[in-house]
Amino acid sequence: MNTRIFRTEVRDELLGIVREPTALFFSVLMPVAFFALFATMFGDEGDGFGVGSLATYGAFGVLAVVLVNPGVGLADARERGWLRVKRADGTPLGVTLSAKVTAALPYAIVTLAGITLVARLTSGPLDVLQVLRVSGVLVLGALPFSLFSLAVGARFSPSAAISVLNAMLIPSVILSGLWFPLEMLPTWLGEVAVYLPPYHLAQLALAQVEGGAVWGHVAYLVATTIVGAIAAALAYRSAEV
Amino acid sequence: MEHVLEVRGLVHRYGDLTALAGVDLTVKAGECVALLGPNGAGKTTLVRNVIGLIEGNSDLIEVAGGNPRSAETRRRLGVVQQAVGFPRSLTVGEIVGGAAARRGCPPEAAKQAIAEMGLTGLEKRRAAKLSGGQQQRLQLAMGLVADPVLLVLDEPTEGLDVEARRRFWNTIRRRLDNGAGVLITTHLVDEAAAVADRVVVVDRGRVVAEGTPDELRRTLPDRRIEVRTKVPVSVIRALDSVHSVELRDGRTVIAATDSEQVVSTLLDLDPEANDLTVATASLEEVLVALTNHEEVAA
C-alpha cells in the first residue's frame, strides 16, 4: 500500500520538475557555472580542477539542490493547502517527506554530471571509478541535508524558506571550504569548518580520491541525519496546514 | 441506524481561545447533517477534528468506528476542504488517479469519479488551469474515489454555477441513498434546508440548536404578517401576541405569535385591508435569532 503511495508521490514530484523546469535550470546551472568560472580562473594552478575539485564543488552543487528544493516544495504545497489534502487523504508522513527527498536526487545527479563534464573539459581524462565513488558519496551523503530542508519548509512560507535555506547554504559551504580552500580563509574561520556537516561531506568525498580516514566523517553525517530526521518530523507534525 | 460519525464532548483550544467547548455531534449512515453557524463559530475547527487534521480533547471521536487520526480511517472519508490550490504541474487525471492510489483503489475508480463529477474530457488538463467551479468538482471527485462511508464537505458548492450545483446535489443524494453519511457546512442556508435531514447550529464553540429544518423553524414562534391597511401602527401594537410592528414600503410588517387572531382582528378593523401575506420564519431568521448575529454564514 505505502509502496504504491510512495511511487505516486515520487511520480508527482518528478512531473513537477519535468513540467516546471525553471527551478531545474537555476538549481543545476548555478553550481555548474560556478565550477566552470573557478576552473577557468584557477585551473592552471596547483593540481588543476580534476576529480578532487569534483568532490568539493560537487558537494556544493548537490547541497544547493538537496538543501533548497525539498523545503521550498514542501512550503509551497503547505501554502496551497495541498499538504492538507494529503493529510486528509491519509498519506503517511514518512511517505510525503521521503518522496520529496527522492525527487531531489535527479537534480543532484544532473548537477554532478554537469560539473564532471566541465572537469573533463578543463582537466582532461578523469578516473571513471573515482568519479562514480565521489558521486555516490555525495548523493547519499547529501540526504541528511534534505531533512533540514524539510524542517524549514514545514515552518516557513515559500519565499521565506528560500531565504532561510540560502542563508544556511551559502555561509556553510564557504566556511566548509567548498568554494575556496580553507587556507585562504582567516585561521579562526577555518577552524569552524570541522563543526559543519558540509565539510565532512566534502572530506568524505575527497577521501575517495586521496584516501584517508572516513569513519569520523561518516559518524558525523549519521549524527546529522538523526538530528535532521527529528527536526523534520517535529516541524512537520506541528506545521500549520 | 449505524453511526458513521460520533463526537462526544469535543473541546479544542488555540492557546487561550476556546474554539470548541464540549461539542456532541453524530451522523448516521444515509443521513445528511448540515453544520451552520456564524463566522468564527467553530465549524472549521470541528470539521478539521473530524477529518483528523487536528486533535482536541474529547470523550469520543469515531469515524466509521475508527480514530480519524489513523491513516486507515482517513482513507474511508471523502473530504472537500476550503481554499485548496492544486499543484501547477499535475493534470485532472493524475490528481484523481493519485487520490485513488493513496486510498488503495484501482485506476478505474478514478475514471468513475471523474465521470460522476462531469469532468470527463478534462483528464489531461492541468488542474491549476481549471475554473473555480471545476476545481471544486475535482476536489469532490477526489473525495468520491474510494466510495467513502462519510463525506465531509466544507463549503462544497462555493463557486459552482446552477448546473454544477444541481449535479453536485444529485451526486450527494445518490451517495446518501447508497448509505454514505454526509456532514456539510454551507452559507447557502436554503440549500442546506432542502437537502439536510438534520441541522446542527454551532455558535461560540457550542451546539446551540439541533433538529430537522422544520423543527428549527418552529422554535421561532413568530409569524411574519405583511399587509396594506389603514389601521394605525399604535392600534396594531396594542393587540395580543404582537411583538413588533413597522411600516416598510407602504406595507405594515407585523411579528406575532398568534397570526390567525391578529389577521382576523385586522380584517374586522379594516375590511379593505389587502395584499396580505403570512409567512413562517425562514431558517436564516432562526439562525440569526439563535446566534444573535446580523450575518449568518457557514
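Higher on the page you've got the structure.
Residues numbered from 1 in each chain as written. Chains lettered and ligands numbered in written order. Predicted model: local features only at pLDDT ≥ 70, side-chain atom pairs only at ≥ 80, totals over all residues. Heavy atoms only, no water.

**Comments concerning the pattern of salt bridges**
Step number 1: The final tally for this structure, using the stated rule, is 26 salt bridges over all chains.
Step number 2: Residues B:Arg174 and B:Glu116 are paired through a salt bridge, measuring 3.7 Å at the closest nitrogen-oxygen approach. Of this pair, B:Arg174 sits in helix α6 (residues 162–177) while B:Glu116 sits in helix α4 (residues 107–116), and the two are 58 residues apart along the sequence.
Step number 3: The closest approach of N and O atoms between B:Arg251 and B:Glu226, which form a salt bridge, is 2.9 Å. Of this pair, B:Arg251 sits in strand β12 (residues 251–256) while B:Glu226 sits in strand β10 (residues 223–228), and the two are 25 residues apart along the sequence.
Step number 4: Among the residues examined, B:Glu226 registers a relative accessible area of 16% and is labelled buried.
Step number 5: Each of the salt bridges in this network shares a partner with another, and the network as a whole consists of A:Glu9, A:Lys86, A:Asp89, B:Arg102 and B:Arg103. (Salt bridge = Lys/Arg side-chain N within 4 Å of Asp/Glu carboxyl O. Helix = DSSP H or I, 4+ residues; strand = E, 2+ residues; numbered from the N terminus. Buried < 20%, exposed > 50% of the residue type's maximum accessible area, 1.4 Å probe, protein only.)

**Quick notes on helix α4 (residues 69–80) of chain A**
Residues and elements named next belong to chain A.
Step number 1: If you check α4, its first and last C-alpha atoms are 17 Å apart, about what 12 residues at 1.5 Å a residue would give, namely 16 Å.
Step number 2: With 9 of 12 residues buried, α4 is to be regarded as a mostly interior element.
Step number 3: Listing the buried residues of α4 in full gives Asn69, Pro70, Gly71, Val72, Leu74, Ala75, Ala77, Arg78 and Arg80.
Step number 4: Taken from the residues just after α4, glycine 81 is the one with a positive phi, measuring 90 degrees. (Expected span 1.5 Å × (residues − 1).)

**Overview of the interface of chain B and chain A**
A common way to state how big an interface is: give the accessible area lost once the parts meet.
Step number 1: Contacts between the two partners involve 31 residues from chain B and, on the opposite side, 26 residues from chain A.
Step number 2: Between chain B and chain A the total buried area reaches about 2500 Å² when both faces are included, carbon and sulfur atoms providing 49% of it.
Step number 3: A salt bridge links B:Glu94 to A:Arg19, with the nearest nitrogen and oxygen atoms 2.7 Å apart.
Step number 4: Where chain B touches chain A, the interface holds 14 residue pairs in polar contact (both at pLDDT 80 or more).
Step number 5: Contributions of two or more residues to the side of chain B that touches chain A are made by α2 (71–74) and α3 (92–102) of chain B.
Step number 6: In terms of residue count, α3(B) provides more of the side of chain B that touches chain A than any other element does, 7 residues in total. (Contact = heavy atoms within 4.5 Å. Buried area = accessible area lost by both parts, 1.4 Å probe. Polar contact = N/O pair within 3.5 Å; in protein donor to acceptor, adjacent residues only side chain to side chain.)

**Considering the sheet that holds β10(B)**
Residue and element names in this part refer to chain B.
Step number 1: The 4 strands lie next to each other as β11-β12-β10-β13, forming an open sheet whose pairing is antiparallel. Looking along the sheet, the strands with just one partner apiece sit at the ends: β11 (242–248) and β13 (274–280). Averaged over all adjacent pairs, the angle separating strand axes in this sheet is 15 degrees, with direction ignored.
Step number 2: Inspection of the sheet shows β10 paired to β13 by 5 bridges, in the antiparallel sense. Within β13, the position partnered with arginine 224 by the bridge is alanine 279. (Pairing = 2+ DSSP bridges. Axes fitted to C-alpha atoms, helices over the stretch in contact; angles between N-to-C directions.)

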